[in-house]
Amino acid sequence: MEITKVYALDAVFDTPEDVPEDIKTNKCYARSSNWTVAEVAECVRRDFGSINILVHSLANGPEVTKPLLETSRKGYLAAISASSYSYVSLLKHFLPLINPGMTFSRILAIIYVMIIWPYNIIKTWYLNLNDGFAAGGSLLSLTYIASERIIPGYGGGMSSAKAALEGDTRVIAFEAGRKHKVRVNTISAGPLRSRAAKAIGFIDMMIDYSLENAPLQKELSADEVGNTAAFLVSPLASAITGAVIYVDNGLNAMGVGVDSPIFKDINIPKAS
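Before going into details, it helps to say that this report is about the structure given with it. This is a predicted model, so every value here is computed, not measured.

Two numbers describe how helix H3 (residues 37–48) lies on helix H4 (residues 73–94): the axes approach to 9 Å, and their chain directions differ by 35°. When the axes of H3 and H4 are compared, the crossing they make is right-handed. Together, Val37, Ala38, Val40, Ala41 and Val44 of H3 and Ser89, Leu90, His93 and Phe94 of H4 make up the contact between the two elements. Here the contact of H3 with H4 is composed, by residue class, of seven nonpolar, two polar and no charged.

Given below as structure tokens:
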């Protein structure tokens, strides 16, 4: 795999006209140019013509550590903007560049680690893969089970943002499938020791909880999430779209925490 080019991107801003003056002059941005969604899409079109896969793996909740009832309107809307509407905006601008079906050797991957920071610079990689294979255009994002279950500590509107992301995945799968013949899915990964997870502050606790309560009692790896992503963008998943795919050792299937003392007299299956 070869990383051909790296672009700067802030997916909170669709066009240069959307950028406030104080951000334009901020030193984090002064070193870069053409970093709004529309500008990056145009740069990719100019440099490479078309793409086959778009991976949205970005989120930012400036008040993620606050309970929802203590979250400000500004913080809530910031989480929605960066973590869910950014996907809509990226697809809106990149769909004209996505091939509906051909042998692909190019992937545009939007990668961002969630941090608590007022300005969001996102690195965008344009990858060349030597081992191309026939597949239609595919769009992929990453979500989290807090979209549908209560995860104390995952606040600041981030649970709402993930719920919006999953709802948008279904709607866009219909619209983009009909108009552009591309597939749209999202992966709901379990607790993982990533830089993004460390921003929440209790990832080790969540991993321990998963080890005690998931059907598969092992720690989730980044490779397992990546393998699922590779499957979803490949021809092997050519009939899968609009789906939330759980990669969490089965934790999503559980209705109770079996490590609770209340189950001490119940015969819970264990490894022999």
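We are not done yet, so read on.
Attention now goes to the packing of aromatic side chains. The tally for this structure, following the rule as stated, stands at three aromatic pairs. Judged by centre distance (6.1 Å) and plane angle (70°), the rings of Phe13 and Trp35 are edge-to-face. With Phe13 in the loop between strand E1 (2–9) and helix H1 (21–24) and Trp35 in the loop between helix H2 (27–30) and H3, this residue pair connects regions lying 22 residues apart in the sequence. Residues Phe13 and Trp35 agree in their burial class; the two are buried. Taken together, the ring pairs in this structure connect Phe13, Tyr29 and Trp35 into an aromatic cluster.

Here is what the cut-offs are and how they apply
- Residues numbered from 1 in each chain as written.
- Predicted model: local features only at pLDDT ≥ 70, side-chain atom pairs only at ≥ 80, totals over all residues.
- Heavy atoms only, no water.
- Axes fitted to C-alpha atoms, helices over the stretch in contact; angles between N-to-C directions.
- Helix = DSSP H or I, 4+ residues; strand = E, 2+ residues; numbered from the N terminus.
- Left-handed = near helix turned anticlockwise from the far one by under 90°.
- Contact = heavy atoms within 4.5 Å.
- Nonpolar A, V, L, I, M, F, W, Y, C, P; charged D, E, K, R; others polar.
- Phe/Tyr/Trp six-rings, centres within 6.5 Å; stacked < 30°, edge-to-face > 60°.
- Buried < 20%, exposed > 50% of the residue type's maximum accessible area, 1.4 Å probe, protein only.

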